[in-house]
Amino acid sequence: MLLSPLARSEGDLCQPDLTLYVMGKDNTNNDVVHFSKQLSNDNRVMLEADLKAGEYTVLTHTTSCKFVNPPAEEEKPVPVKEDGKLSSAAEKVLMDIFHCLDLNGDMVLSRTEFELFHITSSGETLSDSMWNVIRENFALKEDSVTMEGFMALHRMALEDEEGGEEEIRDTLASMGYNPALQLTKAVPWHIDVYSKKKVDLKVESLVALTANHLLERSVVKVVEEEGVSSNVDKKCRVFTQILPWKATSAVQNLTDKPLRIEVNTAGSENCQENPPYKKHILTVAPTRTVICHHFAPEFRSKKFKPTIKVRPAAPAKSKALKVEKL
């Protein structure tokens, strides 16, 4: 498998780290069977593995370090409205978004694909009544939204007195675009799947709307199994997995009570980090292992040196209530 980030527009700035995780059909038990550990000669994420006959779930992951560490200089905003209509730049971005949502490449958005857009842009699931409104007012083909219908939806939003230009900007921001209409907080990607032997290989594009918990568990499990571990004290243990294009640390609470952890990465060099702080505190539930920090090289041509120190943090101070005499 080869995983490639796609630059949909000339202004795309993000070149984030990506990792592939392959899980067996019974993924309820954190059944990660393979994950990517290397890059191809053209810097695409590569995973080569022997898979038995069966069904597998393929998940993609990024540390988001490139997303939470924006460029130092802000770009000049690009208009989304010109002469009362969508600007040509905004139309180009919306077309790019449509192609990203079209997971199976059939040039229409099924209800499932359109729901991915609706959840991302509004935070709400797509109800039957909402879908019926789309079906009644916009161009559909075999009960799927066409490019024409998708563009008409946003032209109507632009004309709406309660939404207008601000609603279009909010939509584009939710899909990862900055005011200059550059893709800085999301990454489209493409997977090529190959087989050395002649096999009956069927690849389906599915929207896993509930896959976030599976992805989190996959990352934690791999860091635990592949990373270098060290006991901080009797209360917690830290695991760190370092690859050429990323590093991830996880912390395990060894106690049966919630534990406040202080994370310090001040010694790191050539790193973009998520969270973007050299020191932060998080609370870990009893006996749980959670991701505490991600790193990615700021410049891949320079030495990548992620460094992390973890220790139990002091209890949170409670604020005293000041009472004055009347």
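See the structure printed just above.
Predicted, not measured: the structure shown is a model, and the values here were computed from it.

Cut-off values and rules
Residues numbered from 1 in each chain as written. Predicted model: local features only at pLDDT ≥ 70, side-chain atom pairs only at ≥ 80, totals over all residues. Heavy atoms only, no water. Helix = DSSP H or I, 4+ residues; strand = E, 2+ residues; numbered from the N terminus. Buried < 20%, exposed > 50% of the residue type's maximum accessible area, 1.4 Å probe, protein only. Contact = heavy atoms within 4.5 Å. Areas by Shrake-Rupley, 256 points an atom, 1.4 Å probe, with all protein chains shown as cover. Lys, Arg positive; Asp, Glu negative; His and termini not counted. Salt bridge = Lys/Arg side-chain N within 4 Å of Asp/Glu carboxyl O. Polar contact = N/O pair within 3.5 Å; in protein donor to acceptor, adjacent residues only side chain to side chain. Pairing = 2+ DSSP bridges. Expected span 1.5 Å × (residues − 1). Phe/Tyr/Trp six-rings, centres within 6.5 Å; stacked < 30°, edge-to-face > 60°. Core = buried A, V, L, I, M, F, W, Y, C linked by side-chain atoms within 4.5 Å. Patch = residues over 30% accessible without salt bridge, like charges linked within 9 Å, V, L, I, M, F, W, Y side chains within 5 Å. Charge placed at Lys NZ, Arg CZ, Asp CG, Glu CD.

Chemist: What exactly am I supposed to notice about the overall build of the chain here?
Modeler: From N to C terminus, the chain includes seven helices and 20 strands. A buried classification covers 41% of the 326 residues belonging to the chain. Sequence-distant contacts in the chain: of pairs separated by 6 or more residues, those separated by 24 or more amount to 64%. Of the roughly 19800 Å² of accessible surface on the chain, 49% is carried by carbon and sulfur atoms.

Chemist: I would appreciate a short explanation of the side chain of Lys 66 in the present structure.
Modeler: Position of Lys 66 relative to the elements: it lies in helix H1 (residues 65–68). In this structure, Lys 66 is buried with no salt-bridge partner, the nearest side chain bearing the opposite charge being Asp 17 at 7.0 Å. For Lys 66, the side chain forms a polar contact with the side chain of Gln 272, separated by 3.1 Å.

Chemist: Would you take a moment to explain the pairing of strand S18 (residues 279–284) for this structure?
Modeler: Regular strands have side chains that alternate between both faces of the sheet. Residue alternation in S18 divides its side chains into a buried set, His 280, Leu 282 and Val 284, and an unburied set, Lys 279, Ile 281 and Thr 283. Alignment of strand S16 (residues 259–264) against S18, held across six bridges, turns out to be antiparallel. Its bridge partner lying in S18, Leu 259 is registered against Val 284.

Chemist: What's the story with the sheet that holds strand S4 (residues 38–39) in this structure? I'm lost.
Modeler: Within a sheet, each strand pairs with its neighbour through backbone hydrogen bonds, oriented either parallel or antiparallel. Across the sheet, four strands lie side by side as S4-S5-S1-S12; this open sheet has antiparallel pairing. For this open sheet the edge positions go to S4 and strand S12 (189–192), each flanked by a neighbour on one side alone. Examined bridge by bridge, strand S1 (residues 2–5) and S12 share four bridges and lie antiparallel to one another. The partner of Leu 3 across the bridge, within S12, is Ile 191.

Chemist: Would you mind going over the pattern of salt bridges with me for this structure?
Modeler: Side chains carrying opposite charge are able to pair once their charged atoms draw close together. Scanning all chains against the criterion turns up 10 salt bridges. For Arg 135, the salt bridge identified is with Asp 143, shortest N-O distance 3.0 Å. The class for Arg 135 is partly exposed, based on a relative accessible area of 42%. One salt bridge in this structure joins Glu 273 and Lys 278, with 2.5 Å as the shortest N-O distance. Since its relative accessible area comes to 38%, Lys 278 is described here as partly exposed.

Chemist: Help me understand the side chain of Ser 36 in this model?
Modeler: Tracing the backbone through its elements, the reader meets Ser 36 in the loop between strand S3 (32–35) and S4. Of note is the side chain of Ser 36, whose polar atom sits 2.9 Å from the backbone nitrogen of Leu 20. Setting aside anything within four residues of it in sequence, one finds Ser 36 in contact with Thr 19, Leu 20, Val 45, Met 46, Leu 47, Leu 243 and Trp 245.

Chemist: Can you help me understand helix H5 (residues 147–159) in this one?
Modeler: Since the α-helix packs 3.6 residues into each turn, any two residues three or four apart lie on the same face. For H5, built from 13 residues, the straight-helix expectation of 18 Å at 1.5 Å per residue is met to within 8% by its first-to-last C-alpha distance of 19 Å. All buried positions along H5 are accounted for by Met 147, Gly 149, Phe 150, Met 151, Leu 153, His 154, Ala 157 and Leu 158.

Chemist: For this particular structure, what's the right way to read the packing of aromatic side chains?
Modeler: Throughout the structure, instances matching the rule amount to five aromatic pairs. Judged by centre distance (6.0 Å) and plane angle (50°), the ring pair of Phe 114 and Trp 131 falls under tilted. Of this pair, Phe 114 sits in helix H3 (residues 111–122) while Trp 131 sits in helix H4 (residues 128–137); the two residues are 17 residues apart in sequence, bridging distant segments of the chain. Judged by relative accessible area, which is 3%, Phe 114 ranks as buried.

Chemist: Help me understand the nonpolar core, please; the structure alone is not making it clear to me.
Modeler: Here is a general trend for soluble globular proteins: nonpolar side chains tend to be buried in one another's company. Of all hydrophobic cores here, the largest spans 28 residues; its most connected members are Ile 97, Phe 114, Phe 150 and Leu 172. Mapped by element, the contributors of at least two residues to this core are helix H2 (88–101), H3, H4, H5 and helix H6 (164–174). Discounting residues that sit within four places of it in the chain, Ile 97 has contacts with Phe 117, Phe 150, Leu 172, Met 175 and Tyr 177. Counting residues in each nonpolar core, the second largest holds 16 residues, with Val 251, Ile 261, Cys 271 and Phe 304 among its members.

Chemist: What's the story with a negative patch on the surface in this structure? I'm lost.
Modeler: On the surface, Asp 160, Glu 161, Glu 162, Glu 166, Glu 167 and Asp 170 cluster together into a patch of negative charge. Mapped onto the elements, Glu 167 comes out in helix H6.

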